Amino acid sequence: MIVDCAIYREGQRTEGPGDLSDALGEARTAGGFVWIGLHEPTEDEFDHVTREFGLHPLAVEDALKAHQRPKLEVYDDSLFVVLKPVAYEAQSDTVSSGEIMIFLGDSFVVTVRHGEGAPLKAVRHRLEHEPELLGKGPTAVLYAVADATVDHYLDVATELQTDLEGLEAEVFSPDGGGSRNTASRIYDFKRQVLEFRRATGPLAPPMSRLAGTASTGVAVPFVDDRARPFFRDVSDHLTRVNDSVENLDRLVSDILSAHLAQMSVRQNDDMRKISAWAAMAAIPTMLAGIYGMNFEHMPELRWVWSYPALIALMAVLELMVFRLFKRRGWL
């Protein structure tokens, strides 16, 4: 459905007419642009927008189906950009992502939002209070949406870093690292980092193209060249985010390896203790087994003190073995 539709002239908002073709014609006549915002439109709802603005069918298909990687596509009559805003849910410690599709053309911007984590409403509100920036045209909308999305990436990266520090403290605590749920929690955290990386990693090449720092060096159509410094700023922030994601992924892998090593050490300690107690149990078992055989001619069998002496021998041998294992750290 259409969430918002307005015409902007020199950074000032005016409500657009009901007919989209009239809105586009009025915007071009007045030297402004029309911005249409949609939220999870159906094919029928989006068909009218497609016809009026001449959007490319391949881009329209991507906008309707969603589940796209961040990318930038150039068509004859428009520019198509996909962004993936992320949201961090503190209660469940999970990262969820939405999608924003932006169609940028001559005197029009069409934004399509999927999911609830998109910052479009706040971006539109901020731009309407900055008429100087909004007066730059459709490029200002693309910059503002990309800037808000990447800035929120930084907040999510900070939240994940805090969670990772807590997980690290749990793993290396004297008793927490042995919990059965620790390994599953580490793996769940790694999946959250992977979900975050899917949103941030593929966005780097499109931001480089918009900033003019890509290896191709070809200018992106429908984007004002004067906006390149602003997109370079967004690209720099995105680089910081991607570096943070790489560090998070590397650290969580190291923590998982450390946790598995700790579990292996604990298992070895347990096996040594079991082996030590089994060795101590073998001494009285051996002596009792020998003297339990039904033979008449055995040493000291007829002695009065043979039974107490045998018990004392068992105790002395057990004490010697116990002290030996204790000195070597097996018990």
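These lines cover the structure that appears in this document, whether it is placed above or below. A quick note: this is a predicted structure, and the numbers were derived from the prediction, not measured.

A closer look at the side chain of Gln 68
Then, number 1: Residue position: Gln 68 is located in the loop between helix H3 (57-65) and strand S4 (71-74).
Then, number 2: A polar atom in the side chain of Gln 68 sits 2.9 Å from the backbone oxygen of Ala 66.

A look at the nonpolar core
Then, number 1: Of all hydrophobic cores here, the largest spans 56 residues; its most connected members are Leu 142, Tyr 153 and Phe 196.
Then, number 2: Looking at which element gives the most residues to this core, the answer is helix H6 (residues 138-171), with 16 residues.
Then, number 3: Ranked by size, the runner-up nonpolar core spans 25 residues in total, among them Ala 59, Ala 63, Phe 80 and Val 82.

Brief notes about the pattern of salt bridges
Then, number 1: Taken as a whole, this structure holds 13 salt bridges when the rule is applied.
Then, number 2: Here Arg 198 ties to Glu 195 by a salt bridge, and the two come within 3.6 Å at their closest N and O atoms. One end of the pair is Arg 198 and the other is Glu 195, both in helix H7 (residues 181-200) and three residues apart, which spans about a single turn.
Then, number 3: Residue Glu 195 is classed as partly exposed on the basis of its relative accessible area of 22%.
Then, number 4: What you see here is one network of salt bridges that share partners, running through Asp 4, Arg 13, Arg 124 and Glu 128.

Details of the pairing of strand S9 (residues 108-114)
Then, number 1: Counting buried positions along S9 gives seven out of seven residues, so the element sits mostly inside the fold.
Then, number 2: Burial of the side chains of S9 extends over both faces: Phe 108, Val 110, Val 112 and His 114 are buried on one face and Val 109, Thr 111 and Arg 113 on the other.
Then, number 3: Here strand S3 (residues 33-39) runs beside S9; their pairing, made up of six bridges, is parallel. In the sheet register, Gly 37 faces S9, and the bridge partner there is Thr 111.
Then, number 4: Two elements, strand S8 (residues 99-105) and S9, share seven bridges in a ladder whose sense is antiparallel. Bridge pairing in S9 links Phe 103 to Val 110.
Then, number 5: Linking S8 back to S9 in an antiparallel pair, the connection comprises two residues, with Ser 107 at a positive phi of about 70°.

Quick word on the packing of H6 against H7
When two helices pack together, their arrangement is given by the angle between their axes and by how far apart the axes lie.
Then, number 1: As a packed pair, H6 and H7 sit with axes 11 Å apart at the nearest point and diverge in direction by 165°. Taken together, the axes of H6 and H7 are roughly antiparallel relative to one another. Judged by the twist between their axes, the crossing of H6 over H7 is left-handed. Residues Tyr 153, Val 156, Ala 157, Leu 160, Asp 163, Leu 164, Leu 167, Glu 170 and Val 171 of H6 form the contact with H7, whose own contacting residues are Thr 182, Arg 185, Ile 186, Phe 189, Phe 196, Ala 199 and Thr 200.
Then, number 2: The residue inventory of the contact of H6 with H7, partitioned by class, reads eleven nonpolar, two polar and three charged.

Some remarks on the sheet that holds S3
Then, number 1: Ordered in space as S2-S1-S3-S9-S8-S5-S4, the seven strands form an open sheet in which the pairing is mixed. Of all the strands in the sheet, just strand S2 (12-15) and S4 have a single pairing partner and so form its edges. Direction aside, the axes of adjacent strands within the sheet are offset by 20° on average.
Then, number 2: Across the face of the sheet, helix H2 (residues 43-53) comes into contact with S3, S8 and S9 while running at roughly 155° to S9.
Then, number 3: In the packing of helix H4 (residues 120-128) onto the sheet, contacts are made with strand S1 (2-9), S2, S3, S8 and S9, and the angle to S3 comes to roughly 160°.

About the criteria used
- Residues numbered from 1 in each chain as written.
- Predicted model: local features only at pLDDT ≥ 70, side-chain atom pairs only at ≥ 80, totals over all residues.
- Heavy atoms only, no water.
- Helix = DSSP H or I, 4+ residues; strand = E, 2+ residues; numbered from the N terminus.
- Polar contact = N/O pair within 3.5 Å; in protein donor to acceptor, adjacent residues only side chain to side chain.
- Core = buried A, V, L, I, M, F, W, Y, C linked by side-chain atoms within 4.5 Å.
- Buried < 20%, exposed > 50% of the residue type's maximum accessible area, 1.4 Å probe, protein only.
- Salt bridge = Lys/Arg side-chain N within 4 Å of Asp/Glu carboxyl O.
- Pairing = 2+ DSSP bridges.
- Axes fitted to C-alpha atoms, helices over the stretch in contact; angles between N-to-C directions.
- Parallel < 35°, antiparallel > 145°, perpendicular 65-115°, else oblique.
- Left-handed = near helix turned anticlockwise from the far one by under 90°.
- Contact = heavy atoms within 4.5 Å.
- Nonpolar A, V, L, I, M, F, W, Y, C, P; charged D, E, K, R; others polar.

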